[in-house]
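Analysis of the macromolecular model
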Amino acid sequence: MCESAMVSVDRTMQVAPGLFAAGHLGELTALVPFELVDAVLADTGCVQRRVRMLPSRVGVYLVLAMVLFPQVGLVGVWSRLVGGLRGVAGVTVPRPSGKALRDLRRRVSVAPMRSLFEHLAGPTSWPGMPGCRYRGLRMVAVDGCSSFKAPDSPRNRAVFRIGRRRSGNDGWPGVQLLALAECGTRALLGATVTALSVGEITAAAALWARLDATMLLLADAAFDADKVMAAVAGRGAQFLIRANSVRKPAVLAVLPDGSFLTRIGDLRLRVIDAHISVTGADGTVVTGRWRLLTSLTDHRTHPAKTLVEVYHQRWEIETCFFGLRHTLTGRTVLRSHDPSGITQEMWALACLWQILATTMTDAAGTRPGFDPDRCSFTVALNTARDSVIRAENIAGPPDPLLGTIATAVLDQPLDPRRPRIAARVLKQPGSRYPKHRPDDPRPATGTPITDIDTHIQPPPRPQTPTPDPALIHALHNQHPAMTQHMINALAILHTTPGTPHSGRAIARALGITGRTALNVFGVALNTAAHRGHITKTAPGTYTITPQQALTPATNP
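Reading the values: the criteria
- Think of each chain on its own: its residues are numbered from 1, step by step along the sequence as written.
- Local features in this predicted model are restricted to residues of pLDDT 70 or higher, and side-chain atom pairs are both shown and tallied only at a pLDDT of 80 or more, whereas totals for entire chains, interfaces and linings draw on every residue.
- With hydrogens and water set aside, each side-chain value is computed from the structure's full complement of heavy atoms.
- Helix numbers and strand numbers start at the N terminus; a helix is a DSSP run of H or I with at least 4 residues, a strand a run of E with at least 2.
- Burial classes: relative accessible area under 20% of the type maximum marks a residue as buried, over 50% as exposed, and values in between as partly exposed (1.4 Å probe, protein chains only).
- Computed by Shrake-Rupley with a 1.4 Å probe, the accessible areas treat only the displayed protein chains as cover when residues are assessed.
- In this tally Asp and Glu are treated as negative and Lys and Arg as positive; neither His nor the chain ends contributes.
- Taken as the charge centre is NZ of Lys, CZ of Arg, CG of Asp or CD of Glu, depending on the residue.
- For salt bridges, the criterion is a side-chain nitrogen of Lys or Arg within 4 Å of an Asp or Glu carboxyl oxygen.
- DSSP-based pairing: two strands are paired if at least 2 bridges between them are found.
- Only heavy atoms enter the contact rule, under which two residues are in contact if any of them lie within 4.5 Å.
- Helix axes are fitted to C-alpha atoms over the stretch in contact, other axes to C-alpha atoms as well, and angles between N-to-C directions run from 0 to 180 degrees.
- Put simply, a nonpolar core is a bunch of buried Ala, Val, Leu, Ile, Met, Phe, Trp, Tyr and Cys residues held in one set by side-chain atoms that sit within 4.5 Å of each other.
- Any Phe, Tyr or Trp ring, taking Trp's six-membered ring, that has another such ring centre within 6.5 Å forms a pair; planes under 30 degrees apart are called stacked, those over 60 apart edge-to-face, and the others tilted.
- Our definition puts a charge over a ring when NZ of Lys or CZ of Arg is within 6 Å of the ring centre and also within 35 degrees of the ring normal.
- Throughout, the arc means the angular range of directions from the helix axis out to the C-beta atoms.

Some words on the overall build of the chain
The helix and strand inventory of the chain stands at 18 helices and 16 strands. Reported as C-alpha extents along the three principal axes, the dimensions of the chain are approximately 110 × 50 × 50 Å. The buried share of the chain, reckoned over its 556 residues, is 49%. As displayed, the chain offers around 26600 Å² of accessible surface, 53% of which is attributable to carbon and sulfur atoms. Charge-centre separation for the chain: the mean point of 61 positive side chains lies 8 Å from the mean point of 40 negative side chains.

A look at the pattern of salt bridges
Using the criterion set out here, one finds 19 salt bridges in the structure. Glu-316 is the salt-bridge partner of Arg-186, the closest N and O atoms lying 3.0 Å from each other. Placement of the pair is Arg-186 in the loop between strand E4 (168-182) and strand E5 (188-195) and Glu-316 in helix H10 (residues 316-328), with a sequence separation of 130 residues. Each of the two residues, Arg-186 as well as Glu-316, counts as buried. The partner of Arg-291 in a salt bridge is Asp-273, with the nearest N and O atoms 3.4 Å apart. Placement of Arg-291 in strand E11 (residues 285-294) and of Asp-273 in strand E10 (residues 267-280) is noted, with a sequence separation of 18 residues between them. Per residue, the accessibility class of Arg-291 equals that of Asp-273, and both read buried.

Describing the sheet that holds strand E16 (residues 541-543)
With respect to topology, three strands assemble into an open sheet ordered E14-E16-E15, the strand pairing being antiparallel. Only two strands of the sheet have a single neighbouring strand rather than two, namely strand E14 (501-502) and strand E15 (535-538). Relative to E16, E15 runs antiparallel, the two being bridged by three bridges. Of the residues in E16, the one forming a bridge with Lys-536 is Tyr-542. Set on the sheet, helix H17 (residues 515-530) makes contact with E15 and E16; between it and E16 the angle comes to about 45°.

Here's the deal with the nonpolar core
Among the nonpolar cores identified, the biggest contains 115 residues, and Leu-25, Trp-78, Met-113, Leu-116, Leu-216, Leu-324 and Met-346 are the most heavily contacted of them. Ranked by residue count, the leading element in this core is helix H11 (residues 339-365), at 15 residues. Aside from chain neighbours lying at most four places away, what touches Trp-78 is Ala-22, Leu-54, Val-58, Leu-62, Pro-94, Pro-96 and Leu-101. Counting residues in each nonpolar core, the second largest holds 27 residues, with Leu-207, Trp-208, Met-215 and Phe-223 among its members.

Some thoughts on the packing of aromatic side chains
A full pass over the atoms with the stated rule returns four aromatic pairs. Ring geometry for Trp-290 versus Tyr-311: centroids 5.0 Å apart, planes at 75°, classification edge-to-face. With Trp-290 in strand E11 and Tyr-311 in helix H9 (residues 304-311), this residue pair connects regions lying 21 residues apart in the sequence. With respect to class, Trp-290 is no different from Tyr-311; both count as buried. Above the face of the Phe-69 ring, Arg-80 is positioned so that its terminal group lies 5.7 Å from the ring centre. In this structure, Arg-367 is placed above the aromatic ring of Phe-370, and the distance from its NZ or CZ to the ring centre is 5.9 Å.

Quick look at helix H1 (residues 34-43)
Residues of H1 that are buried: Phe-34, Leu-36, Val-37, Val-40 and Leu-41. In an axial view of H1, the angular spread of the buried residues amounts to 165°, which keeps them on one side of the axis. With respect to the buried face of H1, the exposed residues turned more than 90 degrees away are Glu-35 and Asp-43. In this structure, the buried residues of H1 make contact with helix H2 (56-68) and helix H5 (111-120). Two residues or fewer past H1, Gly-45 is found with a positive phi of approximately 70°.

Put into structure tokens, the structure is as follows:
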């Protein structure tokens, strides 16, 4: 056979009829079918009122393709959508201008994209899939990403404020995406898009409704707030949250594994104070401390060291944000010059991420024991782009779970994840000087970990002296109108006259917790100081002078 011979290849293609043919997302259309897009447009009132060359359904797929091809303009995106349709019999391929495509985006607006994400969002893991559950609880993580940048236009600056850095103001208005993601698959259960001026706890309030009794929430210290824990517990979900440095929980009972029980508000919680030492392959030893708050109070079923290892899964959401912010966008700044376009673009990013995450999870589920962490997002993304350009499998692949994208992901798996450590370095410094802190003990580049040692530190014994019961009895006779808490507080101060004690330390020794109870106790201490029973030496600090300890004070 002659090497220069040519053969004819025929390909069967299923597309939408007429002017709707350009509305597709290649093989991903099976996860965003025409019926779903039409229903979303109808629910949000965004269906075109007359027959157009560019229907609203085509506009939704254009916006999704816009975030799939971030490096080209709308005309370039359109040419990729219709590239595989040209010359196909019965298919009408318009040639719109850039302005016509921009008008189509505005006509679609924000509401359909947000509604589409609400329909797509949700966990995607299969039963028994590695890295997704802990003792039957689905692990989910919440966090915010504030590194999305909007073009510096007057309209964007009016809504999204300029971000701040150590070296001064950022160059672009910032957009915050706060998400609730499933660990392992990194699928999104919910998300909010806000300006940087909105706090993470405020933005996350809309996400707690996504939680249920089958979930374990992992969160960093930014979410250490009484109202967050109360809201999560109100949904019946369990949580494992890193405590901030200012929280000093009272010790109610010390458990055999070194953790201890406490009470925050109306919740009975467990505190795990973990001291971790990590040894790298280059000999670097890095130590750190994690203080975790959890609603899992049974130390037998949930050992402290096991929960420390589980908390490490929170990093899955950071990987999710890296894929959204860098791999998927592929650019420093988003493309839209008005707030409505930015919000629409952000919801389209979330939709596309969820579609690809679902595809990768289904691919991993076809191989029992295959960790979804080994699915390459880059491979899935590039294969999806090729599928759109070729207009391939628009009606769905022959095997719903093993299409072109799933096959590519399984053929090119990532290596099993290995533990590594590295310093966190700012990738886009606002200064020409390096941002790696010289006092950071972590290596500047990724270094394999050879050993991890976790030690659970029991709480220190209270330094507040224990008063003599006879002293408490005498003080009760001297101040019969005082509450028992105040009598015990006076007894603690009388034990060491002249030594100042903080009100928080006294409250901790008495087992007083909760914001309201602490405020009431603080007012009572101030009242006692005003009446001369004790002396206030500094804000929140009290003592008993030798004269007050020896001279009976006036009854209140």
